[in-house]
Amino acid sequence: MSGETLVDAHKPVVFGSDLPPWPQVDFTEFGEVESKPLSRVQKLTAQYMSRNWVMIPHVTHNDEADITELELSRKARNQDAPAAKLTLLPYLIKAAVAALQAYPQFNASLDGTGKSLIFKKYFHIGVAVDTRFGLLVPVLRDCDQKSIAQIAAELQVITSKARDKGLSMAEMSGGCFTISSLGSFGGTSFTPIVNAPEVAILGVTRAQEKPCRGADDGIDWRLTLPLSLSYDHRVVNGADAARFTSKLSQLLGDVKTLED
């Protein structure tokens, strides 16, 4: 214990309270500038993200899923019913729910004291949406009770509302697990910040073709999806994260387990 500082167990610890102040700089000394105030959503997001990053011991586990068959099935469904076009996201939500059911510690939250883990029996999934107001996370409720088509329809409505009008706090509350997809923008992996009081968040980037060994040592090109799972190391350990992403990969690789 030499050199360590003992903390009074009866006094609350405010993490980050001993950090040095933010530097105050007159940037006009170095050249022309323009100042634009942050939006209300940007300010709130900055506060919550700063708290979550400082207080949660983050670890990110990277894996990938073979979605070759899933994409063939998704595109075929879209050809048959172009009015109800499906994206990859509803499949990810269904796979996340199944993985949460298999590994309940990911569908849990630490209570306010940090001494008890609350296991949830419901499956509400948050989806990060980039809007003109800033980053919003609408929550789709009871996703375990909905088909891919139902999730897709609800997702379209709520994301359109988020981008056009914004969302109420009620529409962004109660999430168990969050998915942040950057697939339309690119990237190979990233470290999403856990959305407290959740204990994990899944980041997804652009799928890419990769060569695999096929029959008779030939080359079999497969479409693979990068998965980046950030988790709260107080609740989840590395082996848990590897099992969870392996389950996700398995589910996404067998589209029949996800489709209605």
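Residues numbered from 1 in each chain as written. Predicted model: local features only at pLDDT ≥ 70, side-chain atom pairs only at ≥ 80, totals over all residues. Heavy atoms only, no water.

1. Re the side chain of His58
Inclusion rule: Labels follow the DSSP assignment, with helices taken as runs of H or I lasting at least four residues and strands as runs of E lasting at least two, numbered in each case from the N terminus. Buried means the residue's accessible area, taken with a 1.4 Å probe over protein chains only, is under 20% of the maximum for its type, while exposed means over 50%, and partly exposed covers the values in between. Each polar contact in these results corresponds to two N or O atoms within 3.5 Å; when the atoms are within protein, one needs to be able to donate a hydrogen and the other to accept it, and residues that are neighboring in sequence are counted only if both atoms are side-chain atoms.
Mapping His58 onto the fold places it in strand β1 (residues 58-66). Assessed through its relative accessible area of 18%, His58 is described here as buried. A polar side-chain atom of His58 sits 2.9 Å from the main-chain carbonyl oxygen of Ile56. Within the local environment of His58, its side chain forms a polar contact with the backbone nitrogen of Val194, the two atoms lying 2.9 Å apart.

2. Regarding the UniProt feature "domain: 2-oxoacid dehydrogenase acyltransferase catalytic" (unreviewed entry) in the chain
Here is the rule we go by: UniProt positions are given in the numbering used here, feature names are shortened, and annotations may be inferred rather than shown by experiment.
Here the UniProt feature "domain: 2-oxoacid dehydrogenase acyltransferase catalytic" (unreviewed entry) sits at residues 32-257. End-to-end, the C-alpha atoms of residues 32-257 are 57 Å apart, and along that stretch the chain is 34% helix and 25% strand.

3. Looking at the nonpolar core
Which entries qualify depends on this criterion: In this text, buried Ala, Val, Leu, Ile, Met, Phe, Trp, Tyr and Cys residues form a nonpolar core when linked through side-chain atoms within 4.5 Å. The contact definition used throughout considers only heavy atoms, calling two residues in contact when any of these lie within 4.5 Å.
Counting residues in hydrophobic clusters, the biggest one holds 50 residues, and the most contacted among them are Ile93, Phe177, Ile179 and Leu252. Of all the elements in the fold, those that place two or more residues in this core are α3 (89-102), β4 (125-127), α4 (148-164), β8 (177-181), β9 (200-204), β11 (219-232) and α5 (238-253). The biggest single contributor to this core is α3, with 9 residues. Leave out the neighbours within four places in its chain, and Ile93 touches Ile125, Val127, Leu140, Cys143, Ile151, Leu155 and Ile179.

4. Examining unusual backbone geometry
Going from Ala196 to Pro197, the amide bond is cis rather than trans, its omega being 10 degrees. Among the structural elements, Pro197 can be located in the loop between β8 and β9. Despite not being glycine, Asp142 shows a phi value in the positive range, around 50 degrees. Positionally, Asp142 belongs in the loop between β7 (139-140) and α4.

5. Here we look at the side chain of Arg74
Residue placement: Arg74 occurs in helix α2 (residues 68-80). Judged by relative accessible area, which is 14%, Arg74 ranks as buried. Not counting the four nearest positions on each side in its chain, Arg74 is found in contact with Leu86, Thr87, Leu88 and Tyr91.

6. Side note on α4
For clarity, the threshold we go by: Each residue after the first adds 1.5 Å to the expected span of a helix. An arc is given here, and it is the one of the directions from the helix axis to the C-beta atoms.
Taking 1.5 Å per residue as the helical rise, α4 with its 17 residues ought to reach 24 Å, and the 24 Å between its terminal C-alpha atoms agrees with that figure. Among the residues of α4, Ile148, Ile151, Ala152, Leu155, Ile158, Thr159 and Ala162 are the ones counted as buried. The arc that holds every buried residue of α4, seen down its axis, measures 145 degrees, which confines them to one face. Exposed positions of α4 whose direction lies more than 90 degrees from the buried face are Gln156, Val157 and Asp164.

7. Overview of the packing of aromatic side chains
What counts, and what does not: Planes of paired rings set the category: under 30 degrees apart is stacked, over 60 is edge-to-face and the rest tilted, where pairs are Phe, Tyr or Trp rings (Trp by its six-membered ring) whose centres lie within 6.5 Å.
Under the definition given, this model contains 2 aromatic pairs. The interplanar angle of 25 degrees and the centroid separation of 4.2 Å between the aromatic rings of Phe106 and Phe244 together place this pair among those described as stacked. Taken together, the residues Phe106 in the loop between α3 and β2 (108-110) and Phe244 in helix α5 connect sequence positions 138 residues apart. When the ring of Phe177 is compared with that of Phe244, the centres are 5.7 Å apart and the planes differ by 50 degrees; the resulting orientation is tilted. With a gap of 67 residues between them, Phe177 in strand β8 and Phe244 in helix α5 connect regions that are remote in the sequence. Both residues of the pair, Phe177 and Phe244, count as buried.

8. Re the packing of α3 against α5
Operational definition: All axes are obtained by fitting lines to C-alpha atoms, using only the stretch in contact for helices, and the reported angles, taken between N-to-C directions, cover 0 to 180 degrees. Should an angle fall under 35 degrees it is taken as roughly parallel, and over 145 as roughly antiparallel, whereas 65 to 115 is taken as roughly perpendicular and any remaining angle as oblique. Crossings are assigned a handedness: left-handed for a near helix turned anticlockwise from the far helix by less than a right angle, right-handed for a clockwise turn. Residues are sorted three ways: Asp, Glu, Lys and Arg are charged, Ala, Val, Leu, Ile, Met, Phe, Trp, Tyr, Cys and Pro are nonpolar, and all the rest, Gly among them, are polar.
Interhelical geometry of α3 versus α5 gives an angle of 135 degrees and a closest axis separation of 9 Å. As judged from the angle between their axes, α3 and α5 are oblique. Pair α3 / α5 crosses with right-handed handedness. Residue-level inspection shows Tyr91, Leu92, Ala95, Ala96, Ala98, Ala99, Leu100 and Ala102 of α3 in contact with α5, the latter providing Phe244, Lys247, Leu248, Leu251 and Leu252. Residues that form the contact of α3 with α5 fall into these classes: 12 nonpolar, no polar and 1 charged.

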